[in-house]
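Summary of structural features
Spelled out, the chains give:
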Amino acid sequence: MNRVPDEGLILVPGNSLITETPEEGRALALTIARHTIHNIQPDLDVLKGGRPNYSTSPDSLIHAAQVVSLEFQTIAAANNYWRE
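Residues numbered from 1 in each chain as written. Predicted model: local features only at pLDDT ≥ 70, side-chain atom pairs only at ≥ 80, totals over all residues. Heavy atoms only, no water.

Helix and strand counts for the protein chain stand at three helices and zero strands. Helices (α) and strands (β) of the protein chain occur, in sequence order from the N terminus, as α-α-α. Dimensions of the protein chain, computed from C-alpha atoms along their principal axes, come out at roughly 45 × 30 × 15 Å. Looking at the protein chain residue by residue over its 84 residues, the buried ones come to 23%. Contacts in the protein chain between residues far apart in sequence, at least 24 positions, make up 72% of those at least 6 positions apart. As presented, the protein chain carries roughly 5900 Å² of accessible surface, and 57% of it is formed by carbon and sulfur atoms. (Helix = DSSP H or I, 4+ residues; strand = E, 2+ residues; numbered from the N terminus. Buried < 20%, exposed > 50% of the residue type's maximum accessible area, 1.4 Å probe, protein only. Contact = heavy atoms within 4.5 Å. Areas by Shrake-Rupley, 256 points an atom, 1.4 Å probe, with all protein chains shown as cover.)

Here we take up the packing of helix α1 (residues 22–40) against helix α3 (residues 58–78). Running from N to C, α1 and α3 cross one another at 125°; their axes reach a closest spacing of 8 Å. As summarised for this structure, α1 and α3 are arranged oblique, according to the angle between their axes. Considering the relative orientation of α1 and α3, their crossing is right-handed. Residues Pro22, Gly25, Arg26, Leu28, Ala29, Leu30, Ile32, Ala33 and Thr36 of α1 lie in contact with α3, whose contacting residues are Val67, Val68, Ser69, Glu71, Phe72 and Ile75. Looking at the contact of α1 with α3 residue by residue, the classes come out as ten nonpolar, three polar and two charged. (Axes fitted to C-alpha atoms, helices over the stretch in contact; angles between N-to-C directions. Parallel < 35°, antiparallel > 145°, perpendicular 65-115°, else oblique. Left-handed = near helix turned anticlockwise from the far one by under 90°. Nonpolar A, V, L, I, M, F, W, Y, C, P; charged D, E, K, R; others polar.)

For α1, built from 19 residues, the straight-helix expectation of 27 Å at 1.5 Å per residue is met to within 8% by its first-to-last C-alpha distance of 27 Å. Every buried residue of α1 is listed here: Gly25, Leu28, Ala29, Thr31, Ile32, Ala33, His35 and His38. Elements that come into contact with the buried residues of α1 comprise α2 (44–54) and α3. (Expected span 1.5 Å × (residues − 1).)

Counting six residues, the largest nonpolar core is built from Leu28, Ala29, Ile32, Ala33, Val68 and Ile75. Contributing elements (two or more residues each) for this core: α1 and α3. Considering each element in turn, this core owes the most residues, four residues, to α1. (Core = buried A, V, L, I, M, F, W, Y, C linked by side-chain atoms within 4.5 Å.)

Within the structure shown, the criterion is met by zero aromatic pairs. Over the ring of phenylalanine 72 we find arginine 26, and its NZ or CZ is 5.7 Å from the ring centre. (Phe/Tyr/Trp six-rings, centres within 6.5 Å; stacked < 30°, edge-to-face > 60°. Lys NZ or Arg CZ within 6 Å of the ring centre and 35° of its normal.)

This is the structure:
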């Protein structure tokens, strides 16, 4: 199996949801969403094989954006919405 590298399987990179800025929080949300998918399907060949189907489907892309949005909401709450 062509497996995702171990660093791609870490569910919470750096073991923290705390970020300095909302931009960093959004990047972390994307990373967490990607790592979640890698943990569900760690075979890179299978992942890449399905890409032509979901990468051209508006519904699939909207669903992916919703997952990132949910992760970002969690990160924003953990950062108290970057307010002091």
